[in-house]
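Below are the chains, spelled out letter by letter.
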Amino acid sequence: MVNHGKGAYNELEIQDDVHPVPSSMTRFTVRDDMSSRSYRLAATILGVLSVVFLFAVIGLSVHINRLSGKHGILSLNSSIISSQLARLESDHKSLTESKNTLQNKHDEDVKLMKSLQINLSRETRLKNELNSQKQKLEEDKQKLQSQISNLEGHCGKCLPNWVLMNTTCFYFAVSSTTPRRGWNAGRDDCKKKGADLVVIDTKEKQEFIVMTLKALRYNLPFSYSNGFWIGLTDDHTEGHWKWLNETTLTEGYWMDGEPNDEMSIEDCAAVYPTNNPMMAWNDAPCSHPQKWICEKEIDKTL
């Protein structure tokens, strides 16, 4: 029995010795299964990553192709733009040259216009001056015609060397043989001729006397000695000018700044052949040597 038991025990040992692998294989089989799962998972992940990478490469390729297409389009557009820019630069250059040409033409036209305006102003001024001269000549002509009419109507009414105006005869002591005298001496000469120093009480008379002095070619430069005594004085009351006919002066034809009674001795008036007949009087010392002008009515002449 005992031996039989040993024999069974030995049989078991032998069996254990004969089949040791199954227990060992079972242990390694479990481990290999776990590794296989890890490998499959890694392979799966790698596969997915490969797919993703493939899609990324495909997408990138597509994107690159699109960019290449766009780059081609941009290159074409750039070429077109460059061509258009060159054309615009050429047009700009042409326009600039045209502008400069037009500007130069404009400047020349402006200069010409200014020159024409200057010439027009000059011509207008000359025209106005000629019109003024024409008007003055017309007035002088009318005055001369009036004097001629008076002379024709009163021919022989004035003595030789006397000048007629309306109904009055005037004597101008312009002869170089007649010495200059003071105011009183000149008046005495008029009285000897049956006349007196002239009384200038109208504008017409003033213009007539100055124009006659010029007509007699008495156009000497102004000085005290180149005047003609008239019948006006303020020796009785300074500043109160009166004519020899006792009338007070109401309108005078004094030069600028006159009468000024310089040194308080200028009490007699004289007329001068000035360019402006309305500004022809000056006050001077009564003793100063001057020429003189006499007047008398026609009916007292002969």
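Residues numbered from 1 in each chain as written. Predicted model: local features only at pLDDT ≥ 70, side-chain atom pairs only at ≥ 80, totals over all residues. Heavy atoms only, no water.

**Here's the deal with the overall build of the protein**
Put simply, the rule reads: A run of DSSP states H or I qualifies as a helix once it reaches four residues; a run of E qualifies as a strand once it reaches two. Both are numbered from the N-terminal end. In this scheme, a residue with accessible area under 20% of its type's maximum is buried, one over 50% is exposed, and one in between is partly exposed, where area comes from a 1.4 Å probe on protein chains only. By definition in these notes, contact holds between two residues if any of their heavy atoms fall within 4.5 Å. Exposure was quantified through the Shrake-Rupley algorithm and a 1.4 Å probe, taking into account, for residues, occlusion by the shown protein chains and nothing else.
Scanning the protein from N- to C-terminus turns up four helices and eight strands. The order of helices and strands in the protein, counted from the N terminus, is α-α-β-β-α-β-α-β-β-β-β-β. The burial tally for the protein puts 25% of its 302 residues in the buried class. In the protein, the proportion of contacts linking residues at least 24 apart, taken out of those at least 6 apart, comes to 71%. Carbon and sulfur atoms make up 58% of the accessible area of the protein, which amounts to about 21100 Å² in all.

**Details of the confidence of the model for the protein**
Note the following rule: Per-residue confidence from the prediction method is given by pLDDT, with values spanning 0 to 100.
Chain-level pLDDT for the protein is 83 on average; 81% of the residues reach the 70-or-more range. When mean pLDDT is taken per element in the protein, strand E3 (residues 196-197) scores highest with 98 and helix H1 (residues 2-18) scores lowest with 46. This model gives residues 1-19 a pLDDT under 50, and the stretch forms zero contacts once residues within four places in sequence are excluded.

**Quick notes on the pattern of salt bridges**
Quick reminder of the rule: Here, a salt bridge means any Lys or Arg side-chain nitrogen found within 4 Å of an Asp or Glu carboxyl oxygen.
Taken as a whole and assessed by the stated rule, the structure comprises six salt bridges. Where Arg-181 meets Asp-189, a salt bridge forms, and the shortest distance between an N and an O atom there is 3.8 Å. Residue class for Asp-189 comes out buried when judged on its relative accessible area of 12%. Residue Lys-205 pairs with Glu-295 through a salt bridge whose shortest N-O separation is 2.8 Å. In this pair, Lys-205 sits in helix H4 (residues 203-215) while Glu-295 sits in strand E8 (residues 291-297), placing the two residues 90 residues apart along the sequence.

**Notes on the side chain of Lys-296**
To keep it simple, the criterion reads: Nitrogen and oxygen atoms within 3.5 Å of one another constitute a polar contact, given that in protein one can donate a hydrogen and the other can accept it, and given that sequence-neighbouring residues count only through two side-chain atoms.
Turning to its location among the elements, Lys-296 is positioned in strand E8. A polar side-chain atom of Lys-296 sits 2.6 Å from the main-chain carbonyl oxygen of Lys-193.

**Some details on unusual backbone geometry**
The residue after Glu-258, namely Pro-259, is reached through a cis peptide bond having omega -5°. With phi around 75°, Asn-161 is a residue other than glycine that occupies positive phi space. Locating Asn-161 in the fold gives a position in the loop between helix H2 (21-153) and strand E1 (162-165). Despite not being glycine, Glu-246 shows a phi value in the positive range, around 70°. On the secondary structure map, Glu-246 appears in the loop between strand E5 (242-243) and strand E6 (266-271).

**Points about helix H3 (residues 183-192)**
Condition: Taken from the helix axis, the directions to the C-beta atoms give the arc we talk about.
Here H3 has its buried residues at Trp-183, Gly-186, Asp-189 and Cys-190. Seen from one end, H3 has its buried residues packed into an arc of 125°, which puts them on one side. Buried residues in H3 make contact with strand E2 (168-172), E3, strand E4 (228-233), E6 and E8. Positive phi shows up at Gly-194, right after H3, with a value of about 75°.

**Re the UniProt feature "transmembrane region" (unreviewed entry) in the protein**
Applied cut-off: UniProt positions are given in the numbering used here, feature names are shortened, and annotations may be inferred rather than shown by experiment.
Mapped onto this structure's residue numbering, the UniProt feature "transmembrane region" (unreviewed entry) falls at residues 41-64. Its end C-alpha atoms 33 Å apart, residues 41-64 is made of 100% helix and 0% strand.

**Regarding the state of the cysteines**
Put simply, the rule is: Pairs of cysteine sulfur atoms within 2.5 Å are what we label disulfides.
Applying the stated criterion to the full structure yields three disulfides. Here Cys-158 connects covalently by a disulfide to Cys-169, the sulfurs 1.8 Å from one another. Because the torsion about its S-S bond is -85°, the bridge between Cys-158 and Cys-169 counts as left-handed. Of this pair, Cys-158 sits in the loop between H2 and E1 while Cys-169 is found in strand E2, placing the two residues 11 residues apart along the sequence. Like Cys-169, Cys-158 is buried. Residue pairing for Cys-268: its cysteine sulfur links by disulfide to Cys-286, the two sulfurs lying 1.9 Å apart. Here the disulfide of Cys-268 and Cys-286 is right-handed, its torsion about the S-S bond being about 95°. With Cys-268 in strand E6 and Cys-286 in the loop between strand E7 (281-285) and E8, this residue pair connects regions lying 18 residues apart in the sequence.

**A word on the pairing of E8**
Definition in use: Think of it this way: DSSP has to see at least two bridges between two strands before they count as a pair.
Burial runs high along E8: six of the seven residues are buried. With five bridges joining them, E2 and E8 adopt antiparallel strand pairing. Along E8, the bridge assignment pairs Phe-172 with Ile-293. Summarising the sheet, E3 and E8 pair through two bridges and their orientation is antiparallel. Pairing of Asp-196 across the sheet is with Glu-295, part of E8. Note that E4 and E8 share two bridges and pair parallel. Its bridge partner being in E8, Phe-228 is matched across the sheet by Lys-291.

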